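Per-entry structural report
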Amino acid sequence: LVLNALAVILVSRVVPGVSVTGFGSALIAAVMIGLVNALIRPIFAFFSFPITVLTLGLFTLVINALMFWLASAFVPGFRIEGFWAAFFGAIVFWLVSWVTNGLIRDPL
């Protein structure tokens, strides 16, 4: 959770249009991103399956951006200004999360 909060802070520094006011907002944003991805994203993925197949999976990037943008709507102090900021922010967030999860994963 803390690593995802740090990822949100990194995204806010790297991607124009994404801002976070402090670590507390980033922590709440990390929780909200997790909740949105766990509860709402599967519904979007199910109903968008035909277009995801037609685009060879690229529509999944759009779904990720929308979920990232939706999470920002619920967190005061975490703001995303537009779809493209959400799109690139979601990509950077995914990359940072992927790297950190790879570093802390148990080698078993």
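Residues numbered from 1 in each chain as written. Predicted model: local features only at pLDDT ≥ 70, side-chain atom pairs only at ≥ 80, totals over all residues. Heavy atoms only, no water.

Okay, a nonpolar patch on the surface next. On the surface, Val2, Leu3, Leu6, Phe23, Trp94, Leu95, Trp98, Val99, Leu103 and Ile104 cluster together into a nonpolar patch covering about 1,000 Å² of accessible area. Elements supplying a minimum of two residues to the nonpolar patch: helix 1 (2-14) and helix 6 (83-104). A per-element tally of the nonpolar patch places helix 6 first, with six residues. Tracing the chain through its elements places valine 2 in helix 1. On the accessibility criterion, valine 2 (48% relative accessible area) is partly exposed. (Patch = residues over 30% accessible without salt bridge, like charges linked within 9 Å, V, L, I, M, F, W, Y side chains within 5 Å. Areas by Shrake-Rupley, 256 points an atom, 1.4 Å probe, with all protein chains shown as cover. Salt bridge = Lys/Arg side-chain N within 4 Å of Asp/Glu carboxyl O. Helix = DSSP H or I, 4+ residues; strand = E, 2+ residues; numbered from the N terminus. Buried < 20%, exposed > 50% of the residue type's maximum accessible area, 1.4 Å probe, protein only.)

Right, let's get into the environment of alanine 65. Position of alanine 65 among the secondary structure elements: in helix 5 (residues 59-74). For alanine 65, a relative accessible area of 0% translates into the label buried. Placed 24 residues apart in sequence, alanine 65 and glycine 89 show a C-alpha to C-alpha distance of 7.5 Å. Residues within four places of alanine 65 in sequence aside, it is in contact with Phe83, Ala86, Phe87 and Ala90. (Contact = heavy atoms within 4.5 Å.)

Below, the discussion takes up the layout of surface pockets. Taken as a whole, the largest pocket holds about 300 Å³ of empty space. Taken together, 17 residues make up the lining of the largest pocket; nearest its centre are Ile33, Asn37, Phe93, Trp94 and Ser97. Mapped onto the lining of the largest pocket, the elements with two or more residues apiece are helix 1, helix 2 (23-39), helix 5 and helix 6. Take the lining of the largest pocket: its biggest share by element is seven residues, from helix 6. Considered class by class, the residues forming the lining of the largest pocket number 10 nonpolar, seven polar and no charged. (1 Å grid on protein atoms, 1.4 Å probe; cavity = no way out; pocket = protein on both sides within 12 Å on 5 of 7 lines; lining within 4 Å. Points joined across faces, edges and corners; volume = space filled by probe spheres on them. Nonpolar A, V, L, I, M, F, W, Y, C, P; charged D, E, K, R; others polar.)

Counted under the stated rule, the structure contains 10 aromatic pairs. When the centroid spacing of 5.7 Å and the interplanar angle of 80 degrees are considered together, the rings of phenylalanine 68 and phenylalanine 78 count as edge-to-face. Of this pair, phenylalanine 68 sits in helix 5 while phenylalanine 78 sits in strand 2 (residues 78-80); the two residues are 10 residues apart in sequence, bridging distant segments of the chain. Ring pairs connect the aromatic residues Trp69, Phe83, Trp84, Phe87 and Phe88, which therefore count as one cluster. (Phe/Tyr/Trp six-rings, centres within 6.5 Å; stacked < 30°, edge-to-face > 60°.)

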